[in-house]
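# Working through the structure, step by step
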Amino acid sequence: MPRSQRPSTESMANVLRVLPARWAITIIAVLIAYVLLQPRLNTWFGWQLPSIPAMLGQETPKTKNTPASKQADAKKQADAKTSQTQSSTTEKPKSSSGSFKFGILKSLGRDRYESPAGLVYGPGSEEGHRLQHIERHLQDDPTRPGSHGVFQGTMEQFLIAIDDTYRRARGHAKGTRTRNEEAETIYEAPFDESIGYLGGSSGSGQKNPPLKRMRVVVRGKNLITAFPIP
Amino acid sequence: MALPYLIYVRACPICKEGLCRVRVCTASHHLVGCVICDECESVWTDPDMETRSIEKDDTYTASCPECGLSLWDEACHWADIQEVCLLGWYDKVKVART
């Protein structure tokens with residue numbers, strides 16, 4: 001125990017010696033009750049009651065949860081979330097053992113990932129990886145000649161919508177289409193609500209109309225690209 | 001380096017979203033041109049887009065019709081206007097400012 005904490009403990013013992021026995025027992029009972037109830041009261045009511053060791057200087061007291069510190073905590077969380085989102089969307093996809101990429105993709109090794117519907121996202125494209133390639137459809141490119149389907153949502157929601165399109169079109173669900181080219185299979189499926197809007201120079205010329213269909217291009221089970229369409 | 005303009009032949013007949021653009025491969029020390037969709041990566045041997053070039057391996061990576069190198073290799077790049085002229089394809093392409 002550090003030397004600096006001895007006097008306070010000793011002085012408390014001295015006080016107890018001087019007090020009548022009834023008072024000493026009462027104080028000890030109150031202290032025991034406080035020790036037992038302090039963490040629970042903090043949890044139930046959000047209080048910041050210090051523990052006995054903290055009061056005796058044996059433990060570093062917790063930072064008070066003032067509005068300023070709450071704001072700082074919230075900012076830290078937001079920053080952490082932002083950096084997590086940025087790293088998950090702009091960096092090259094990393095294999096995370098035991099976890100799922102974007103919440104739904106299972107790692108197959110060698111930088112390849114499989115969706116619940118069985119689509120495989122692997123290296124390729126100008127961007128270096130199919131995930132980075134389809135990520136281009138999360139934002140508009142108004143200067144691009146022609147149309148550019150933009151999905152409005154997160155990467156995880158985009159991947160879920162792609163899986164949904166693939167599943168429904170393979171199951172020949174109502175409103176879906178399947179087209180076979182020399183090497184590719186192109187699946188299309190409608191959605192009940194708008195999933196994005198038409199971007200690119202063509203889209204901006206038409207005031208970016210909403211899009212309610214998705215097109216998915218695959219080779220075998222390998223996803224090549226996917227985007228919302230009119 | 002990104003070009004201040006975008007050279008393309010037409011919208012892709014396969015995915016109907018991408019632009020079919022001219023890409024050149026310099027791996028064999030002479031200029032080899034091809035047309036590739038920047039969305040679905042379908043490849044054609046020339047801007048008439050009558051003959052498709054489909055890779056035979058299972059890497060699903062667009063490759064040079066002549067040497068088979070990945071079209072995303074360092075030896076390949078989007079053609080500039082000079083290269084399009086050298087290939088004799090200038091009258092087959094459109095040029096858009098980016």
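So, a few notes on the structure that sits alongside this text.

### With respect to the pattern of salt bridges
Scanning the model with the defined rule gives 14 salt bridges over all chains in all. A salt bridge links A:R130 to B:E41; the nearest nitrogen and oxygen atoms lie 2.5 Å apart. Here A:R130, found in helix α5 (residues 130-135), pairs with B:E41, found in the loop between β3 (32-37) and β4 (43-44), and the two come from separate chains. Residue A:R144 pairs with B:D38 through a salt bridge whose shortest N-O separation is 2.8 Å. Taken together, the positions of A:R144 in the loop between α5 and β4 (148-151) and B:D38 in the loop between β3 and β4 put the pair across two chains. One exposure class covers both A:R144 and B:D38, and it is buried.

### Some points on helix α6 (residues 155-170) of chain A
Residues and elements named next belong to chain A. Here α6 spans 22 Å end to end across 16 residues, near enough to the 22 Å set by a 1.5 Å rise per residue. M155, F158, L159, A161, I162, D163, T165, Y166 and A169 are the residues of α6 that are buried. Phi turns positive one or two residues past the end of α6, at H172, with a value near 55°.

### Side note on a nonpolar patch on the surface
Residues and elements named next belong to chain A. Where nonpolar side chains cluster on the molecular surface, the patch consists of I28, I32, L36 and L37 and spans about 370 Å² of accessible area. Relative to the helices and strands, L36 resides in helix α2 (residues 21-45). Exposure remark for L36: the relative accessible area of 58% places this residue in the exposed category.

### Examining the side chain of A:H137
Of note, A:H137 is situated in the loop between α5 and β4. Among the polar contacts made by the side chain of A:H137, one reaches the main-chain carbonyl oxygen of A:G149 at a distance of 2.7 Å. In contact with A:H137, not counting residues within four places along its chain, are A:H148, A:G149, A:V150, A:F151, A:F158, A:T225, A:A226, A:F227, B:E17 and B:E39.

### Quick notes on the interface of chain B and chain A
Taken together, the contact between chain B and chain A spans 22 residues of the former and 25 residues of the latter. Here chain B and chain A share an interface that buries about 2100 Å² over both sides, 45% of which is from carbon and sulfur atoms. When residues of chain B are sorted by the area they lose upon contact with chain A, B:E17, B:E39 and B:Y60 head the list and together hold 32% of the total. Inspection of the chain B/chain A interface yields 4 salt bridges.

### Some words on the sheet that holds β4(A)
Residues and elements named next belong to chain A. Spatial ordering of the open sheet is given by β4-β7-β8, a layout of 3 strands whose pairing is antiparallel. The open sheet has two free edges, formed respectively by β4 and β8 (210-211), since each of these has just one partner strand. Of the strand pairs in this sheet, strand β7 (residues 196-199) and β8 are connected by 2 bridges, and their pairing is antiparallel. Within β8, the position partnered with G196 by the bridge is L211.

### Concerning the packing of aromatic side chains
On inspection of all chains with the given rule, the structure shows 3 aromatic pairs over all chains. Ring geometry for A:F151 and A:F158: centres 4.8 Å apart, planes at 20°, overall stacked. Given a relative accessible area of 6%, A:F151 falls into the buried group. Judged by centre distance (6.0 Å) and plane angle (70°), the ring pair of B:W72 and B:W78 falls under edge-to-face. Note on B:W78: relative accessible area 14%, which makes it buried. Sitting above the plane of the B:W78 ring, B:R23 keeps its charged end 4.7 Å from the centroid. Seen from the ring of B:W44, B:R52 lies directly overhead, with NZ or CZ sitting 5.8 Å from the centre.

Cut-offs and rules
Residues numbered from 1 in each chain as written. Chains lettered and ligands numbered in written order. Predicted model: local features only at pLDDT ≥ 70, side-chain atom pairs only at ≥ 80, totals over all residues. Heavy atoms only, no water. Salt bridge = Lys/Arg side-chain N within 4 Å of Asp/Glu carboxyl O. Helix = DSSP H or I, 4+ residues; strand = E, 2+ residues; numbered from the N terminus. Buried < 20%, exposed > 50% of the residue type's maximum accessible area, 1.4 Å probe, protein only. Expected span 1.5 Å × (residues − 1). Patch = residues over 30% accessible without salt bridge, like charges linked within 9 Å, V, L, I, M, F, W, Y side chains within 5 Å. Areas by Shrake-Rupley, 256 points an atom, 1.4 Å probe, with all protein chains shown as cover. Polar contact = N/O pair within 3.5 Å; in protein donor to acceptor, adjacent residues only side chain to side chain. Contact = heavy atoms within 4.5 Å. Buried area = accessible area lost by both parts, 1.4 Å probe. Pairing = 2+ DSSP bridges. Phe/Tyr/Trp six-rings, centres within 6.5 Å; stacked < 30°, edge-to-face > 60°. Lys NZ or Arg CZ within 6 Å of the ring centre and 35° of its normal.

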